[in-house]
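The lines below spell out each chain.
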Amino acid sequence: MLTQVQAAPGIGLDAFFNANGVAVIGASDDITKIGGRPVQLLRKYGYAGAIYPVNPKGGTIQDLPAYASILDTPTAPDLAVIALPASATLQAVRDCGTRGVRAAIVLSSGFAEAGPEGVALQAELVRVARSHGMRLLGPNCLGSVNVVNKLVGSFSIALEQNMPPAGQVGIVSQSGNIGSFTMSNMAQRGLGVSRFIATGNEADVDVADGIASLAQDADTRIILCCMETCRDAGRLIAALDMARQQNKPVIVLKIGSTEQGQAAAASHTGALMGSDAVFDAVFRRYGVLRVRSFEDLLNIGHAAALLPAHRLPRTDAVTLVAASGGFGIMMADAMVEEGLTLPPLDDATKALIQETLPIAGTNNPVDATAQMSSRPDILLKMLTALQSNANGSTLVLLLALSLYNPRLRGVYLEALARIRQSHPDRLMVLISQGPADAVAEINALGIPVFPSIPAAASGMKGLVALGRLTTLPIAPAYNGPVDRVNPAVFRNEFHAKQALAAAGITVPREEIVATADQAVRAAQATGYPVVLKIASEDIAHKTEIGGVALNLQDDSAVREAFDRLMANARQHAPQARLDGVLVAPMVRGGVELIAGVSRDPVFGPVVMVGLGGIYAEILKDVALQVAPVSEDEALRMIRSLKMFPLLDGARGQAKADVVAAARTVARLSEFACRHAEDVAEIDMNPILVRPEGEGVLVLDALMVPTSRTPSAH
């Protein structure tokens, strides 16, 4: 894969969406063929620019003059859509460059996805395109569509019958079929689309370009993205940051979350697969909502498109209302499982409900009974009371069958219209399965409708996340030097910890010794009790070979332990290079954390923090983020751990110094960025977090070199 050369994602994509003239190379009279469909769709939907069918036979194609070559067209079109066999595509791209075409869409397959010859051919396509300053979409893609100006550079069957209505939802997808399916489903819901782009093999234009282009598009307010992988982490991050700065919500369906799915995606895209958990961390940092199902992509995307930014929820509080206590319980269970809260109603709201409907329950969920829908005035008073509630929660109203009853439908539609007029800025969502025309009327009022209780719970969680977009802090960036590290850090924990200490990370006073006598003198200087640990770059897990002795109380214990550790190392790791034995203080008290750095194949250095021992290894209770992280971000990572209460004074224990722990994680991440060329992995385990105000100590550390790091020997 060739490295992207553009300074920032999104540059040069205007020609795909606002082209002054389009050539279709490989055009056909047969509208069932890939070369026939773009010509038909451009004409059918009324694209106003020039359309130049290109076919060696010339003549006319679909009642338009055809040209034997793009070099023969009356004017140079901004955009060329190429529907030729792979073997003929390279010459077509050369001709486009010569003609002055600004952008080319290669619909054809048979390139990088087809093997080594295809990889070489695709690379040459990109080289030729870039030599002419031309952007290239594809190959093996479904092209692009601007719904607003009817510019179609695609053969998608989703467009055969109807063009989606123009609207504010932009769609970018690496998979053409998934993206096309998304566009079709949005249209079926009556929701408008602004632009669509499917990136295919991403030889040049990638998903980051698509996101950045939509972030800068005045017609787009919501961005839906279907992603398999990322080829350039820096460009993706820059694009997501553009969307964040423009306050445009991005909702991503990231597929390939299992090992099997990742293997399939890697073979499909030909790209390295990054850790799924790291993608999650990046998305959180930039306010991107990741969804796990196509249904959530549609449901939450639809809801977000109905809500201007000021109407998105600002809190995770919901007030639940149903005409049945049983439904209310089901709603409560689903909402709480998604992390939403159910605050009690204030006294004034309870009084208004009781005044309107004395038999109604006034807890949350509110059991409004069937009497709620007996008359529009009663329903309106009930909803007014709830929307006037001072707790700032979102009102979630379940309508099981009411909209299918003509009388009740009228009651609800009238009340909903009036409540939207009287409380235009308060958010209300409904749960109902239809009928479709009634749902469309409610959507037209600016009220999202979810088809089920689980969908509403998942949807509300997503809307809450999108509502926090404007409150996100600016993501930290590393702007310091990238330095070589002393290769000695890879020899043993002593040298690793000395390097960390130089970076501002607290470690105990320690010494490496070569004899039992030296060990005794070091222990006396340190103060009993002490710990002895074998020091060797070839023995990463010292306890497994009997290479650690704890809680040594006197000189004789130190002598015996030194001899035993050296003997164990020679017996169990006879080829290991031994630097001696490390003498360190035996430190007690506090809570153990683990922190480390690993190298993700896509995003580079990633910092991890978790509770030590079984919590990290068995419970997988860890938090990740791409390095660097700020101290505030590190603190949020620590607070996100399931076992955080152990650090926060659970069961009457002293609160741990989590501020010092966060500072340590932040400094570790800076160290990882500074030495990214040499250090592949860092493991600090355990980190002893002492009570508040007493700091932390890194008791053990391991560093693993990258493949290009020279040996310390």
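Residues numbered from 1 in each chain as written. Predicted model: local features only at pLDDT ≥ 70, side-chain atom pairs only at ≥ 80, totals over all residues. Heavy atoms only, no water.

Undergrad: Is there a simple way to think about the sheet that holds strand β23 (residues 580-585) in this case?
TA: Strands belonging to one sheet form pairs held by backbone hydrogen bonds; the direction of such a pair is parallel or antiparallel. As summarised here, the arrangement of the four strands in space is β20-β23-β21-β22, forming an open sheet in which the pairing is antiparallel. In this open sheet, the two strands that pair with only one neighbour each are β20 (511-513) and β22 (548-552). This sheet shows a mean twist of 25° between the axes of neighbouring strands, independent of strand direction. Pairing between strand β21 (residues 530-535) and β22: three bridges, direction antiparallel. Residue pairing for β22: Lys533 is matched across the bridge by Val548. Contacts between helix α18 (residues 516-526) and the sheet are confined to β20, β21 and β23, with β23 contributing the most and set at about 15° to the helix. (Pairing = 2+ DSSP bridges. Helix = DSSP H or I, 4+ residues; strand = E, 2+ residues; numbered from the N terminus. Axes fitted to C-alpha atoms, helices over the stretch in contact; angles between N-to-C directions. Contact = heavy atoms within 4.5 Å.)

Undergrad: I keep staring at α18 and nothing clicks. Help me out?
TA: An α-helical turn contains 3.6 residues, so a residue and the one three or four places further along point in the same direction. Of the positions making up α18, those classed as buried are Ala516, Ala519, Val520, Ala522 and Ala523. Along the long axis of α18, the arc covered by the buried residues comes to 165°, so they all point the same way. Looking at the packing, one finds that the buried side of α18 touches β20, β21, α19 (555-572) and β23. Gly527 occupies a position one or two residues after α18 and carries a positive phi of about 100°. (Buried < 20%, exposed > 50% of the residue type's maximum accessible area, 1.4 Å probe, protein only. Arc of directions from axis to C-beta.)

Undergrad: How do you make sense of the packing of aromatic side chains when you look at a structure like this?
TA: For the structure on display, the rule yields four aromatic pairs. Seen in terms of ring centroids, Phe279 and Phe283 are 6.1 Å apart; in terms of plane orientation they differ by 50°. Their pairing is tilted. Placement of the pair is Phe279 and Phe283 together in helix α9 (residues 276-285), with a separation of four residues, close to one helical turn. Between Phe279 and Phe603, the ring centres sit 5.1 Å apart and the planes meet at 85°, which makes this aromatic pair edge-to-face. With Phe279 in helix α9 and Phe603 in the loop between β24 (591-600) and β25 (604-611), this residue pair connects regions lying 324 residues apart in the sequence. Taking relative accessible area as the criterion, Phe603 reaches 8% and is therefore assigned buried. A connected cluster of aromatic rings, assembled from ring pairs, spans Phe279, Phe283 and Phe603. A cation over an aromatic ring shows up here: Lys254 above the ring of Phe279, its NZ or CZ 4.6 Å from the ring centre. (Phe/Tyr/Trp six-rings, centres within 6.5 Å; stacked < 30°, edge-to-face > 60°. Lys NZ or Arg CZ within 6 Å of the ring centre and 35° of its normal.)

Undergrad: Sorry if this is basic, but what is going on with the environment of Asn486 here?
TA: For Asn486, the position within the fold is in the loop between α16 (453-467) and α17 (493-502). For Asn486, a relative accessible area of 51% puts it in the exposed group. Along the primary structure Asn486 and Asp657 are separated by 171 residues, whereas in three dimensions their C-alpha atoms are 31 Å apart.

Undergrad: Whenever I open this one, the pattern of salt bridges confuses me. Can you help?
TA: For side chains bearing opposite charge, pairing can occur when the charged atoms are close. As enumerated under the stated definition, the model contains 34 salt bridges in all. With a closest N to O distance of 3.6 Å, Glu537 and Arg577 form a salt bridge. Of this pair, Glu537 sits in the loop between β21 and β22 while Arg577 sits in the loop between α19 and β23; the two residues are 40 residues apart in sequence, bridging distant segments of the chain. For Glu537, a relative accessible area of 25% corresponds to the partly exposed category. For Lys655, the salt bridge is made with Asp648, and the minimal N-O distance between the two is 3.8 Å. In this structure Lys655 comes out as partly exposed when scored by relative accessible area, which is 43%. By sharing partners, the salt bridges in this structure join Arg130, Arg135, Asp204, Asp206, Asp209 and Arg235 into a single network. (Salt bridge = Lys/Arg side-chain N within 4 Å of Asp/Glu carboxyl O.)

Undergrad: Please explain the pairing of strand β17 (residues 394-398) as it appears in this structure.
TA: Each regular strand displays side chains that alternate between the two surfaces of the sheet. Counting buried positions over the five residues of β17 gives five, a clear majority of the element. On β17, burial covers both faces: Thr394, Val396 and Leu398 on one face and Leu395 and Leu397 on the other are all buried. Pairing analysis gives four bridges linking strand β15 (residues 318-322) to β17, with the strands arranged parallel. Looking at β17, one finds that Thr319 is bridged to Leu395.

Undergrad: Hey, could you run me through the packing of helix α14 (residues 406-422) against helix α15 (residues 436-444) in this one?
TA: Each packed pair of helices is defined by two parameters, the angle between the axes and the distance between the axes. Closest axis-to-axis distance for the α14/α15 pair is 10 Å, and the angle between their directions is 15°. What the angle tells us is that α14 and α15 run roughly parallel. Judged by the sense of rotation from one axis to the other, the crossing of α14 with α15 is right-handed. Across the interface between the two elements, Arg409, Leu413 and Leu416 of α14 pack against Asp437, Ala438, Glu441 and Ile442 of α15. Of the residues that constitute the contact of α14 with α15, the class distribution is four nonpolar, no polar and three charged. (Parallel < 35°, antiparallel > 145°, perpendicular 65-115°, else oblique. Left-handed = near helix turned anticlockwise from the far one by under 90°. Nonpolar A, V, L, I, M, F, W, Y, C, P; charged D, E, K, R; others polar.)

Undergrad: Would you take a moment to explain the layout of surface pockets for this structure?
TA: Vacant regions in the atomic arrangement are exposed by a probe of water-molecule size rolled over the atoms. Of the voids in this model, the largest pocket is the one considered here, and its volume is about 1,400 Å³. Listing elements by their share of the lining of the largest pocket, those giving two or more residues are α9, β14 (289-291), α10 (294-306), α16, β26 (622-626) and α21 (631-639). Broken down by element, the lining of the largest pocket gets its largest block of residues, six residues, from α16. Here the lining of the largest pocket is composed, by residue class, of 19 nonpolar, seven polar and 17 charged. For the second largest pocket, the calculated volume is near 1,000 Å³. Forming the boundary of the second largest pocket are 46 residues, of which Lys542, Thr543, Asn685, Pro686 and Asp700 lie nearest the centre. Breaking the lining of the second largest pocket down by element, the ones donating at least two residues are β21, β22, β23, β24, α20 (614-617), β26, β27 (679-689) and β29 (701-705). Taken together, the residues that form the lining of the second largest pocket break down as 26 nonpolar, eight polar and twelve charged. (1 Å grid on protein atoms, 1.4 Å probe; cavity = no way out; pocket = protein on both sides within 12 Å on 5 of 7 lines; lining within 4 Å. Points joined across faces, edges and corners; volume = space filled by probe spheres on them.)

Undergrad: Got a minute to help me understand the side chain of Asp700 in this structure?
TA: Tracing the chain through its elements places Asp700 in the loop between β28 (696-698) and β29. Overall, the relative accessible area of 16% leaves Asp700 in the buried class. Aside from chain neighbours lying at most four places away, what touches Asp700 is Glu493, Lys497, Lys533, Lys542, Asp683, Met684, Asn685 and Pro686.

Undergrad: So what exactly am I meant to see when it comes to the confidence of the model for the chain here?
TA: Confidence in the prediction of the chain, expressed as mean pLDDT, is 92, and 95% of residues score 70 or more. Predicted confidence for residues 265-273 stays below pLDDT 50, and this span has 22 contacts to residues more than four positions away or in other chains. (pLDDT = per-residue confidence, 0-100.)

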